[in-house]
Amino acid sequence: MITARYVVLLAYVAFWNVLVGLFLLLVLGALGTFGLVAGVVALMGYSGFPLWIAIARTRRKTHGWLRIQGRSVVVRSLDWIPVFPKLIEWKSPQVIVLRGRGISYELSFLTSESLTRAVARIRTAYPGVQEILAETYMQDSR
């Protein structure tokens with residue numbers, strides 16, 4: 001899950017990684033063509049790889065729970081993240097994607113019954129929420 005604190009930390013680390021990478025490019029560029037190529041590779045590796053790792057970490061699966069609170073559904077895992085649901089996309093009998101304004105979460109449930117109960121509670125709390133079937137769900141049911 002991406003939080004504002006994580007994005008600020010990521011931007012800070014990226015800034016320093018790029019500065020160090022540019023310094024390496026400058027130093028190695030003084031060695032001629034080979035040094036310039038080595039400097040570009042060092043810049044891409046030093047700044048690109050850590051950023052790729054940091055962004056890939058945000059896509060990991062975490063355990064959490066849902067709480068319907070006021071005008072939002074709160075997804076609880078690392079932080080309390082409010083979601084104002086607009087769309088529920090059914091991916092399978094145990095998996096839905098809950099989409100709101102600028103945010104979406106893929107939620108997996110142990111059983112289809114627990115998923116059905118959760119969706120019923122969301123629909124009761126938010127009657128305007130739309131439901132659709134994902135393309136993969138429609139293909140699996142054929």
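In what follows, the structure referred to is the one given above.
Description of the structure in this document. (Residues numbered from 1 in each chain as written. Predicted model: local features only at pLDDT ≥ 70, side-chain atom pairs only at ≥ 80, totals over all residues. Heavy atoms only, no water.)

**Considering the pattern of salt bridges**
Here comes step 1: Counting across every chain of the model gives 3 salt bridges.
Here comes step 2: In this structure, the salt-bridge partner of Lys91 is Glu106, at a minimum N-O distance of 3.2 Å. With Lys91 in strand β4 (residues 87-92) and Glu106 in strand β6 (residues 103-108), this pair connects stretches of sequence that are 15 residues apart.
Here comes step 3: Note on Glu106: relative accessible area 48%, which makes it partly exposed.
Here comes step 4: As a salt-bridge pair, Arg123 and Glu131 come within 2.6 Å of each other at their nearest N and O atoms. (Salt bridge = Lys/Arg side-chain N within 4 Å of Asp/Glu carboxyl O. Helix = DSSP H or I, 4+ residues; strand = E, 2+ residues; numbered from the N terminus. Buried < 20%, exposed > 50% of the residue type's maximum accessible area, 1.4 Å probe, protein only.)

**Let's talk about the sheet that holds β4**
Here comes step 1: Spatially, 4 strands are ordered β6-β5-β4-β7 in an open sheet, and the strand pairing comes out mixed. At either end of the open sheet lies a strand with only one pairing partner, and these are β6 and β7 (130-133). Here the average twist between neighbouring strands, direction ignored, is 20°.
Here comes step 2: When strand β5 (residues 95-100) meets β6, the two strands line up antiparallel, connected through 6 bridges. Bridged to Val95 within β6 is Ser108.
Here comes step 3: The strands that helix α3 (residues 112-125) touches are β4, β5 and β7; relative to β4, the one it contacts most, it runs at about 170°. (Pairing = 2+ DSSP bridges. Axes fitted to C-alpha atoms, helices over the stretch in contact; angles between N-to-C directions. Contact = heavy atoms within 4.5 Å.)

Shape descriptors only; they carry no functional weight alone.
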